[in-house]
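# A closer look at the structure
Residue-level listing of the chains:
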Amino acid sequence: MPIFLAGCVTGCGALLVLAGAGKVYRGVRQQAGSTAVWRALRIPKRLARRSELTAGGVECAAGALVCARVYPVAGGIALAVLGAWFCALLGYLRASRIPGDCGCLGWRRTAEAAAKTVTGRAMIRAALLCAAGIAAALRPGAGAGVYGHASC
């Protein structure tokens, strides 16, 4: 179980790094990003680029903190907080039926997906981030090998 937990936490950290890098890339290239999120938060178009860069930077930093495993409790807390924030935000988007996607994995964006609301898959992904973060914060040594190094 501890190795599975370490792999899950590391995988969630890698997902944060990947999603954050995508947001930063879209922000730098001035491409449309998390349209539904910015609509729900009522962020004006002139600030959407800065918001995309900021959100991407925070996700990358949190993911790097989780994957580095230098401060496992801090990484777990960051993962849990971001996961809870994503759960609340995606739940609001889905309940309000705001069209557009969450923008977490932007390369899969299609016109059909942009017309629909947030999918259940995105909500499950956010819940997994939150659960892995809570587990990492409560069991910071999970997955450590004999010499204290991560076994995965």
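Residues numbered from 1 in each chain as written. Predicted model: local features only at pLDDT ≥ 70, side-chain atom pairs only at ≥ 80, totals over all residues. Heavy atoms only, no water.

## Examining the overall build of the protein
Going by this rule: Secondary structure is summarised from DSSP: a helix means a run of H or I of at least four residues, a strand means a run of E of at least two, and numbering begins at the N terminus for each. In this scheme, a residue with accessible area under 20% of its type's maximum is buried, one over 50% is exposed, and one in between is partly exposed, where area comes from a 1.4 Å probe on protein chains only. For this analysis, residues touch if any pair of their heavy atoms sits within 4.5 Å. Calculation of accessible area relied on Shrake-Rupley with a 1.4 Å probe; when residues are assessed, cover is drawn exclusively from the protein chains displayed.
In terms of helices and strands, the protein carries 6 helices and 0 strands. Taken from N to C terminus, the helices and strands of the protein fall in the order α-α-α-α-α-α. Within the protein, buried positions represent 36% of all 152 residues. Partitioning the intrachain contacts of the protein with sequence separation of at least 6 by distance along the chain shows that 73% fall at a separation of at least 24. For the protein, the exposed surface amounts to about 8,500 Å²; the carbon and sulfur share of it is 67%.

## Regarding the pattern of salt bridges
Formally: For this analysis, a salt bridge means a side-chain nitrogen from Lys or Arg found within 4 Å of a carboxyl oxygen belonging to Asp or Glu.
With the rule as written, the count across this model stands at 1 salt bridge. A salt bridge links lysine 23 to glutamate 59, with the shortest nitrogen-to-oxygen separation between them at 3.0 Å. One end of the pair, lysine 23, is in helix 1 (residues 2-28); the other, glutamate 59, is in helix 3 (residues 45-68), with 36 residues separating them in the sequence. A residue is classified by how much of its surface remains accessible, and glutamate 59, at 4% relative accessible area, is buried.

## So, the nonpolar core
To be explicit about the condition: Each nonpolar core is a collection of buried residues, namely Ala, Val, Leu, Ile, Met, Phe, Trp, Tyr and Cys, held together in the definition by side-chain atoms within 4.5 Å.
Val9, Leu16, Leu79, Phe86, Leu90, Leu93 and Leu129 are the most contacted members of the largest nonpolar core, which totals 24 residues. Contributing elements (two or more residues each) for this core: helix 1, helix 2 (35-40), helix 3, helix 4 (72-96) and helix 6 (120-138). Among the elements that make up this core, the one with the highest residue count is helix 4 (6 residues). Those residues in contact with leucine 93 that sit more than four places away from it in its chain are Ala36, Val37, Ala40, Ile98 and Val118.

## A look at a nonpolar patch on the surface
Test applied: Patch membership requires over 30% relative accessible area and the absence of a salt bridge. Like charges are linked within 9 Å, and nonpolar side chains (Val, Leu, Ile, Met, Phe, Trp, Tyr) within 5 Å.
Together, Val73, Ile77 and Val81 give the surface a local cluster of nonpolar side chains, amounting to about 240 Å² of exposed area. Among the secondary structure elements, valine 73 is positioned in helix 4.

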